[in-house]
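Single-letter residue listing:
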Amino acid sequence: MTDIDALAARLRAELGPRQVLTDRSELRTYECDGLAHYKVIPALVALPATAEQVAAVVRACAGTGTPFVARGSGTGLSGGALPHADGVLIVTSQLREIVEVRPEDERAVVQPGVINLQVTKAATPHGYYYAPDPSSQQICSIGGNVAENSGGAHCLKYGFTTNHVTGLEVVTPDGERVRLGGPAPDAPGYDLLGAFVGSEGTLGVATEVTVKLTRLPETVRTLLAGFLSTDQAGAATSAIIAAGVVPAAIEMMDALAVEAAEAAVRCGYPEGAGAVLIVELDGPAAEVEAQFDQVSALCAEHGAFGTRVAADDTERALIWRGRKSAFAAVGRISPDYIVQDGVIPRTALPTVLRRIGEVAAEHGVRVANVFHAGDGNLHPLVLFDDAVPGQAGRAETVSAAILDLCIEHGGSITGEHGVGIDKAKHMPRMFTDDDLDTMQLLRCAFDPDGIANPGKVFPTPRLCGERPGRHQGTHPLHATDVAEIF
C-alpha cells in the first residue's frame, strides 16, 4: 500500500501546494466521469500545469507502484476516467494551450486540456476547422477525445479522432516523455500512434496532440425531416447511402428522444413524428445542390413530412440544437438513465430498433433512441427511476441486452464512448480468451507494472509476466478481489 501522505508531500514539492488535493471534500469533485452510475473517490488528485509536471507525477507513481488514472474534462460515458481508490488521478485540464495553428500544413498542435470546439474556433479565421465533433464538443477535451477515440455527428464522412491525429507527445507509464508520429501524414514503422489513440489511458498520458485541420466547405445544406416510424427513417437512410451519397451527417431521433428535446430546448421538430432525420451535406456548391435534390426526393419517397431546410447558419444551429442536447434533455422526462453505445450495420436498424422496444417493454422500462444513423452507431438512453426498487437493475439488464443485440447483428459493443469499466464485462462476448490475451500483451509492453488506468477495458487483467493462454487454477488478482472472472 502506497504511503499517500508521503507521495502527496513529494508531489507538492514538484507541482506546488495547491496543485495536489487530498481533502476528501475536494476529492469528491472527481469521483466519477460522465457516467455517474460508478463512483470512486481517489486517494489523491494531481493538477499538473505542464507536460514535465505530468511526467513528474507519473514517475512518482511508477517509483512507488501507485496506480494512476488520467482525466480530462470528465465528460466520458463509459467510466474510463473513474479514479482508483488507492491511486492518483492526474487531471490535465490546466494544459490548455493551443501551441500553434499551421494552415499551410493543415495542422494544429494543442495540449490535452484544450476544449474540442476551441480548435475549430482557432482554425476558422484561416479557413479551416477540426472535424471530429462529439455532442459534448463545447466542454470535452482533446486529451479525452484521444483516449476514447471520440467521433461525433460528422464521423460518417470525416471519421473518428484516430483519422485526425498525426502526432502525440505522451508520458509513458514509467514517466518518460516520448513522441509518436508527427506532422507528416504517416510515420514509418509500427503504428504506435494508432495503438495509443483509443487506448483509454491504459498506455500512458497524452501531453501534446498534433491534429489535422479540414478546409471549411464551400456550401453546407441541412435538412430536417419527420417520419411516422423509425422503420421509415431507417429505410430512407439506407436509400441515401445506396444512392452513392455520403452526407457529412445523418442523425436519427425517435419519438421519446424528440419529446425530451422539445421539453428542454423547444427545437420545433415535426409534430407527431415517430422519428426525425437530420441530414447534412457539405462540399463544393454544385455537388451539394445535386446531392441535396437526391436526398430530398429519397426522404419523400419513404414518407417524410414536415421537412425543413436551414436557410442560414442560425437555422442550421437551431435544427442541430435538439440533437446536440439530446443526452442532457432526457433528464427532463426521467430522473435517471443509462447512456448506451453500440454499433450495427445500417441495414439492421429497423430490426434492432424493434427488438430494443420489445426488450424494454418486457422489462417495464423506456428507451429513447438517439444515434448516428449513417454509420449505425446507436446511443439508446435507458430510462429509469433509481428511487423505485428494482428499476435500476431492470435498466441494466436492458442495457446489456442491447449490446447483445449489436453483437448478434454483426456489430460492436462500442462506437465512440469506449469500454472503460462499464463494458469490460462484455468484452468476452465479442472476443476469445486468445484475443484478449493478445491485446493485453500490447498493454504490458507499454505498462509492465499495470499501473496505468488499471481495471479498465479488460474483464480480467493479466499479470505481465504471465504466459498467454487460459489461466489454470486461481488467478492471484481474483484471489485478492482485484479482478473478477466472467
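No experiment lies behind these values; they were computed from the predicted model shown.

Our next topic: the state of the cysteines. A full pass over the atoms with the stated rule returns one disulfide. The side chain of Cys444 participates in a disulfide bridge whose partner is Cys464; the two sulfur atoms lie 2.2 Å from each other. As the torsion about the S-S bond is roughly -80°, the Cys444-Cys464 disulfide counts as left-handed. Separated by 20 residues along the polypeptide, Cys444 in helix H16 (residues 433–446) and Cys464 in the loop between H16 and helix H17 (476–479) bring together distant segments of the chain. Look at Cys444 and you get buried, because its relative accessible area is 9%. There is no disulfide at Cys140, and the cysteine sulfur nearest it, in Cys155, is 13 Å away. Given a relative accessible area of 2%, Cys140 falls into the buried group. No disulfide involves Cys299; its sulfur sits 18 Å from that of Cys267, the nearest cysteine.

Right, let's talk about the sheet that holds strand S3 (residues 68–71) for a bit. Spatially, four strands are ordered S1-S2-S4-S3 in an open sheet, and the strand pairing comes out mixed. Whereas interior strands pair on both sides, the edge strands pair on one side only; in this sheet they are strand S1 (20–21) and S3. Set on the sheet, helix H1 (residues 4–15) makes contact with S1, strand S2 (44–46) and strand S4 (88–91); between it and S2 the angle comes to about 15°. Contacts from helix H3 (residues 51–64) reach S2, S3 and S4 within the one sheet, and its direction differs from that of S4 by about 165°.

What the rule picks out here adds up to 19 salt bridges. Between Glu31 and Lys39 there is a salt bridge, and its shortest N-O distance comes to 3.9 Å. Residue class for Glu31 comes out buried when judged on its relative accessible area of 11%. For Lys324, the salt bridge identified is with Asp133, shortest N-O distance 3.7 Å. Of this pair, Lys324 sits in helix H11 (residues 313–324) while Asp133 is found in the loop between strand S7 (128–129) and helix H5 (142–148), placing the two residues 191 residues apart along the sequence.

Next up on the list: the environment of Thr120. Here Thr120 is to be found in helix H4 (residues 116–123). Residue Thr120 is classed as buried on the basis of its relative accessible area of 15%. Sequence separation of Thr120 and Leu381 is 261 residues, and the distance between their C-alpha atoms is 29 Å. In contact with Thr120, other than residues within four places in its own chain, are Tyr128, Tyr129 and Tyr130.

Right, let's get into the environment of Glu408. Mapped onto the secondary structure, Glu408 falls in helix H14 (residues 391–408). Along the sequence, Glu408 and Val352 sit 56 residues apart, while their C-alpha atoms lie 9.7 Å from each other.

Here the focus is the pairing of strand S19 (residues 377–384). The element S19 is largely enclosed, with a buried count of eight among its eight residues. The alternating pattern of S19 places Asn377, His379, Leu381 and Leu383 on one face and Leu378, Pro380, Val382 and Phe384 on the opposite face, and all of these are buried. Bridge analysis of strand S16 (residues 336–339) against S19 gives four bridges, and the strand direction is antiparallel. Residue pairing for S19: Ile338 is matched across the bridge by Val382. Where strand S18 (residues 366–372) meets S19, seven bridges bridge the pair, whose relative direction is antiparallel. What sits directly across from Phe371, in S19, is Leu378. Once S18 ends, the chain turns through four residues before running back antiparallel as S19, passing Gly376 with a positive phi of about 70°.

Quick look at unusual backbone geometry now. Backbone geometry at Glu106 places phi at a positive 55°, although glycine is not the residue there. By the secondary structure assignment, Glu106 is in the loop between strand S5 (98–102) and strand S6 (107–110). One non-glycine residue with positive phi stands out, namely Asn453, at about 45°. Along the chain, the position of Asn453 falls in the loop between H16 and H17.

A sheet is described by the order of its strands in space; here five strands give the open sequence S5-S6-S10-S8-S9, paired in antiparallel fashion. Looking at the sheet topology across the chains shown, the edges are occupied by S5 and strand S9 (177–181). If you compare each strand with its neighbour and ignore which way they point, the axes differ by 10° on average. Relative to the sheet, H3 contacts strand S8 (165–171), S9 and strand S10 (205–212), its axis offset from that of S8 by approximately 50°. Contacts from H4 reach S5, S6 and S10 within the one sheet, and its direction differs from that of S5 by about 45°.

For the coordinates displayed, the defined rule picks out one aromatic pair. Aromatic side chains Tyr129 and Tyr158 sit 6.4 Å apart centroid to centroid with 85° between the ring planes, which places their arrangement in the edge-to-face category. Placement of the pair is Tyr129 in strand S7 and Tyr158 in helix H6 (residues 155–158), with a sequence separation of 29 residues. Both residues of the pair, Tyr129 and Tyr158, belong to the buried class. Over the ring of Tyr128 we find Arg215; its NZ or CZ atom is 4.9 Å from the centre of that ring. Sitting above the plane of the Phe292 ring, Arg221 keeps its charged end 4.1 Å from the centroid.

What counts as what
- Residues numbered from 1 in each chain as written.
- Predicted model: local features only at pLDDT ≥ 70, side-chain atom pairs only at ≥ 80, totals over all residues.
- Heavy atoms only, no water.
- Disulfide = S-S within 2.5 Å.
- Helix = DSSP H or I, 4+ residues; strand = E, 2+ residues; numbered from the N terminus.
- Buried < 20%, exposed > 50% of the residue type's maximum accessible area, 1.4 Å probe, protein only.
- Pairing = 2+ DSSP bridges.
- Contact = heavy atoms within 4.5 Å.
- Axes fitted to C-alpha atoms, helices over the stretch in contact; angles between N-to-C directions.
- Salt bridge = Lys/Arg side-chain N within 4 Å of Asp/Glu carboxyl O.
- Phe/Tyr/Trp six-rings, centres within 6.5 Å; stacked < 30°, edge-to-face > 60°.
- Lys NZ or Arg CZ within 6 Å of the ring centre and 35° of its normal.

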